[in-house]
Amino acid sequence: MLQTLGDPPVSVQEVTPQARGPLRNHSPGYSSDTPQSIGTVAPQRCFLQIKGMTCASCVSHIERNLQKEAGILSILVALMSGKAEVKYNPEVIQPPKIAQLIQNLGFEAAIMEDNVGSDGDIELVITGMTCASCVHNIESRLTRTTGITYASVALATSKAHVKFDPEIIGPRDIVRIIKEIGFHASLDQRRPNAHHLDHKMEIKQWKKSFLCSLVFGIPVMGLMIYMLIPSSEPHEAMVLDHSIIPGLSILNLIFFILCTFVQFLGGWYFYIQAYKSLRHRSANMDVLIVLATSIAYVYSLVILVVAVAEKAEKSPVTFFDTPPMLFVFIALGRWLEHVAKSKTSEALAKLMSLQATEATVVTLGEDNLILREEQVPMELVQRGDIIKVVPGGKFPVDGKVLEGNTMADESLITGEAMPVTKKPGSMVIAGSINAHGSVLIKATHVGNNTTLAQIVKLVEEAQMSKAPIQQLADRFSGYFVPFIIIISTLTLVVWIVIGFIDFGVVQKYFPNPSKNVSQTEVIIRFAFQTSITVLCIACPCSLGLATPTAVMVGTGVAAQHGILIKGGKPLEMAHKIKTVMFDKTGTITHGVPRVMRVLLLVDVATLPLRKVLAVVGTAEASSEHPLGLAVTKYCKEELGTETLGYCTDFQAVPGCGIGCKVSNVEGILAQSERPLSGQAAPLKGIGSPPGKDTAPQTFSVLIGNREWMRRNGLTISSDVSDAMIDHEMKGQTAILVAIDGVLCGMIAIADAVKPEAALAVHTLKSMGVDVVLITGDNRKTARAIATQVGINKVFAEVLPSHKVAKVQELQNEGKKVAMVGDGVNDSPALAQADVGIAIGTGTDVAIEAADVVLIRNDLLDVVASIHLSKRTVRRIRVNLVLALIYNMVGIPIAAGVFMPIGIVLQPWMGSAAMAASSVSVVLSSLQLKCYRKPDLERYEAQAHGRMKPLSASQVSVHVGMDDRRWDSPRATPWDQVSYVSQVSLSSLTSDKLSRHSATVDDGGDKWSLLLNDRDEEQYI
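What you see is a predicted model, and the numbers here were worked out from it, not measured in a lab.

Asks: What exactly am I supposed to notice about the environment of V397 here?
Replies: For V397, the location among the structural elements is in the loop between β14 (386–389) and β15 (398–403). Between the C-alpha atom of V397 and that of M378, which follows or precedes it by 19 residues, the distance is 8.1 Å. Excluding residues that lie within four positions of it along the chain, V397 makes contacts with M378, V381, I387, V428, I429, A430, I441, A443, H445, V446 and T450.

Asks: Looking at this structure, how should I read the pattern of salt bridges?
Replies: Opposite charge on two side chains allows them to pair when their charged atoms are near. Under the defined criterion, the tally for this structure stands at 15 salt bridges. For R711, the salt bridge goes to E707, with nearest N and O atoms at 3.2 Å. Placement of both R711 and E707 in helix α22 (residues 706–711) is noted, with a separation of four residues, approximately one turn of the helix. Looking at E707, the relative accessible area reads 37%, which means it is partly exposed. Across the pair R779 and E797 runs a salt bridge whose closest N-O atoms are separated by 3.3 Å. With R779 in helix α25 (residues 779–789) and E797 in the loop between β30 (793–796) and α26 (800–812), the pair connects residues that are 18 residues apart, well separated along the chain. The exposure class assigned to R779 is partly exposed, which follows from its relative accessible area of 30%. Residue class for E797 comes out buried when judged on its relative accessible area of 18%. One network of salt bridges, with partners in common, ties together R45, E85, D165 and R383.

Asks: Mind showing me how you'd approach the packing of helix α24 (residues 757–766) against helix α29 (residues 860–894) here?
Replies: Geometry of a packed helix pair, given as the angle between the helix axes and the separation of the axes. Taken N-terminus to C-terminus, the directions of α24 and α29 make an angle of 30 degrees; their axes are 8 Å apart at the nearest point. One way to sum up the angle between α24 and α29 is to call them roughly parallel. Two secondary-structure elements touch here, α24 through L759, A760, T763 and L764 and α29 through L860, V862, V863 and I866. For the contact of α24 with α29, the per-class residue count stands at seven nonpolar, one polar and no charged.

Asks: Mind showing me how you'd approach the sheet that holds strand β19 (residues 433–434) here?
Replies: Note on sheets: strands pair through backbone hydrogen bonds, and any given pair is parallel or antiparallel. The antiparallel open sheet is built from three strands, whose spatial order is β17-β16-β19. Both edges of this open sheet fall to β17 (420–422) and β19, since each of them pairs with a single strand only. As judged from the three bridges shared by strand β16 (residues 406–409) and β17, these two strands associate in the antiparallel manner. Residue A408 lies in a different strand from β17, and its bridge partner there is V420.

Analysis parameters
- Residues numbered from 1 in each chain as written.
- Predicted model: local features only at pLDDT ≥ 70, side-chain atom pairs only at ≥ 80, totals over all residues.
- Heavy atoms only, no water.
- Helix = DSSP H or I, 4+ residues; strand = E, 2+ residues; numbered from the N terminus.
- Contact = heavy atoms within 4.5 Å.
- Salt bridge = Lys/Arg side-chain N within 4 Å of Asp/Glu carboxyl O.
- Buried < 20%, exposed > 50% of the residue type's maximum accessible area, 1.4 Å probe, protein only.
- Axes fitted to C-alpha atoms, helices over the stretch in contact; angles between N-to-C directions.
- Parallel < 35°, antiparallel > 145°, perpendicular 65-115°, else oblique.
- Nonpolar A, V, L, I, M, F, W, Y, C, P; charged D, E, K, R; others polar.
- Pairing = 2+ DSSP bridges.

Right under this line is the structure:
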C-alpha cells in the first residue's frame, strides 16, 4: 500500500503553516504550477475506486499519465485501499472522462458517489466549558472557519465532533482555534480494540460459572462415591439414608440444597445460551445440557415433594447428582476456550504500538532552511506537513522524501529484510524505520489512511469475519436432542398403555406402593420414572466431554512438542487443510542475508583468499547495512577469529557501497593460521613470504555494486558481469571487492533457504496438500526460492491486502487454507486463513494473529501440527462413538425393553452408568498423551529418493493479484542447477557435506572464473 503523490515536490512556501489561508483553493499536497488552476472556476475533487493495481509501479503509471492530461490539477492514489483522489478543473474535464482515462491504461475504474472517507472527521475532548454560551461560542467560531463543514459540541460529555476538508485545514489548526478562544482541546483517543474486549465478559461469565459449579459440585461427587460403596450388610441402611421427616432423607436434603445452587448460579449462563439457540430454531449442546439438567432437577424435586406428602417410609432415589457433574466439566471447557480466543485481540494492540507517537513537524523558510521545529502528536499531523525524521526514528506517516538520502527498513510492512534506498521523490511508509540519514518528508497520507492503519483494519476485519466452525458435538446434538425427546415421550406413552392393559407387569416392577395410592397413579408414576431414566441415561455428559477433554490433552501435548495451539477450533480444523500458503522471507528462508559464495578474481599467489576475507571483513565491520553485517559475520567464521584489523577513512554511500582504508590485517592472519592448520593445508605458503609481512600494510578497499566500481574508475570485464548476472538470476545479491585499485573478488549474498524447507514441502505434498509460495519480493527471487524448495505455484510482489484476498479466493473455492508466516505484513492473512500458523521467531503481531505458533523455528512442525490434528480429531470421534455406544445400550435398558428377561434399571443405576461413561471418555482422551511427533529421520526415510528439484519452467509465477502466468525471461544455466550451493570453506575441506550440498549438481560451480580445479576451495 505504497501511496503516492504524482507530482514533483512542491514549492516550499505553500506548506508552511503560516501560509494556510482560507483563500487557498489548492491542496498543500499538490503542484501549483499547473496552468489550468488559473481559471475562475474553483477546482473540484472526485474519488475513484480502481481495481487491478498490484504494486507501486502501477500507482506511478496511473499518476504519471493522468498528470499529463489537460484539466487534471493533481492526483493521489492509495494502493492498498484501491482509491484515487483527483483534483480537476470542471470546465475542462469531468469525472466520467477521468475514469475512462484510467480504464484506457488497463485498470478498472469507477466513480465513488459518496466520498465520506476523504473528509476529515475528528472527535475532540474540550475542557474548560462551563455553560451553554461556551458551547455556542466554540461552535460558531468553528463553523465560521473556512474548511470546516460541521461542528457540534456537547457540554455534558465535553466532546466536540468536527468534520472538515483536509486540503484546507487540519486537526492541528482546529485545536489551535479552540485554544485561541480560551479552552483546551485534545484528540479523543478511541480504544483500538474496544470491540474485541467482549471476550473479557465471556471469560468472566464462564469462569464464574465453572467456579460456582465446582464449589457445589465437589461435595456432590463425594456423596456419589459414598453411595457407590456397598454396605457390609445388605439390609443395613447407611447413615445418610436416615429420614429427617418421612420421605426426606439427609442425603436427598443435602443433594437438593447443593443442586439448587448449581442449577441456578452455575447453570444460569447455559440457560441464556440455550434460549438464544432455541430462538434461532436450532438445538445445540447447551439446549441438551439445559434440558437434561432441568428435567432431572424438576423430576427429583417433584418426587421428593410427593414422597414427603405421602409420608413414604423410604426416601425416593433422585437425580440431583446429574446437574453439578455436567456443569462442572462443560463450564471448564468453555472457560478455557474463551481464554484462548481472547488472545487474538491482543494482536491489534501490538499493531497499534508499532506506530510512532510523535512527529517532528518543521517550518521551512527560503532555500529550504528550517526556521523552527515542533513536536506534534501523531494524530495531529496534517496532510502536507513537512516532517523531519532522524536516523533510527520511525516514519510517523506515509509521505514523500523532499530532501536527504537514507535507507529505510520496511520489513515491517513488506516482510523483506533488505533495506530500501530512499532519495528525494521516494515514498516512505508509516511505521518503517529510518536507518541512516536524516530526511525531510512531506505527509501524503495521515491518520486512518496510512499503510499501518490499513493493515490494522485488515486484521480487525479478518478476525471478525472468521466464521466459527460448528463443533462436532454441537452438530451431533442437533440430531440427538429431538431423538432423545421422542424416545422419552414414546417410553412414557407405551408404559401408560401397557399399564392399563396389564397392570400386573407394572406392579411386579414397581413394588410396595402405599395402600392408599390408586392404580392409575402407580401406572403414571412408573411410566414417568422410566421416561426420566431414559432422559438421564441419555445425558449428554459423555458427549459434552468428548471434544473438550481431547482438545485439552491435544493442546497440552502439542505445547510439549513446541507447537502452541490456541483453543480447540484450529486443532479441529487443521486436519481438513487442503492448501498451505508459505510466506517467503523468514518462513521458507532465514530472513537474514548470508554469504553464499566468495569468488576470487585474482591469482591466489598474489592475494590469498584468507587475506581478502580479513580485509573485506574489517572494512564491512564499520557498516550498518545488513549485507555488510552478513559479510563480516562470514569472514569471522571462516577465519575463526572474533577480532579484525583497523579501519580508517570509512565512507558509506547508500545504494552504492563503501570505501575505506584497512590496516593491521597480518595479526589476524597469523592468529587464525593455527586453528585451521590441519584443515587448510593448501593455504600455507601461498602469498608473500612471512619476512616481508613485518611492515604493516595499508589497503585501500572499495566494496559495492557495479555503479560504485565505475564511479571509482574500475572497469568490469564481461565474464565478471556474466557471473554477477547469473547470481542475480538466482535471486542473490552480487557485490564486488576492489583492493588497492584492483578488482579482486565477488561475493554472492542471499537470504538462505532453511535446510528443512524442501523436506517440509515434499512431505506436505505427499499428504495431498497443495503448497503455494506468496511473497512481497520480486518475481526473480521468488522463482529462485521456489525451484529450490519444490513449490510449483508462486505469487510474487504481493501486498498484505492481496495476501488476504488470495486466502479468501481459495476459501471461496471451498478449500480449507493454512497460512504460514512471520511478519506484520502476514498478520491479516494469518487472521483470515482457516488456520494461521506463525513462526515463533516472527513478530509479536503475527504471533498474536495466528491460531498456531511454532515455538521452534522449524517448518516440519507445520506437518506435525496437521498430523497431531488428525490424531486429535480421530480421538474425538472415538470418544463420540464410545458415548454413543453407551447411549445405544443404555437407552433401551432404561426404557424397559429388556424387562421381560429381568433386566431393570433403577434411576441410580442410570446415574452410575452415566458417570462411568464420562470416565471412559476422559480416559480415552488421556491416551493422546502417548502421542510422539514423527522425527526428522522418519520424514527423510519417507522422502528418500523421491525429492527432485524443480526446473524454473515447472514453476508458475503470478504477479500481485494477477492470475496470468509470468514466465522466466530467459533460460539460464541455473535452470539446470536448482539447488544453490551452500558449501562453506570448512565444510568442503572437512568432507562433511550438508544435506543440501549433497544434492548439488556437478555443474554447481560453473560460475567460477578460475580454470584450475586444484584451487577449488580458494573460491567457494
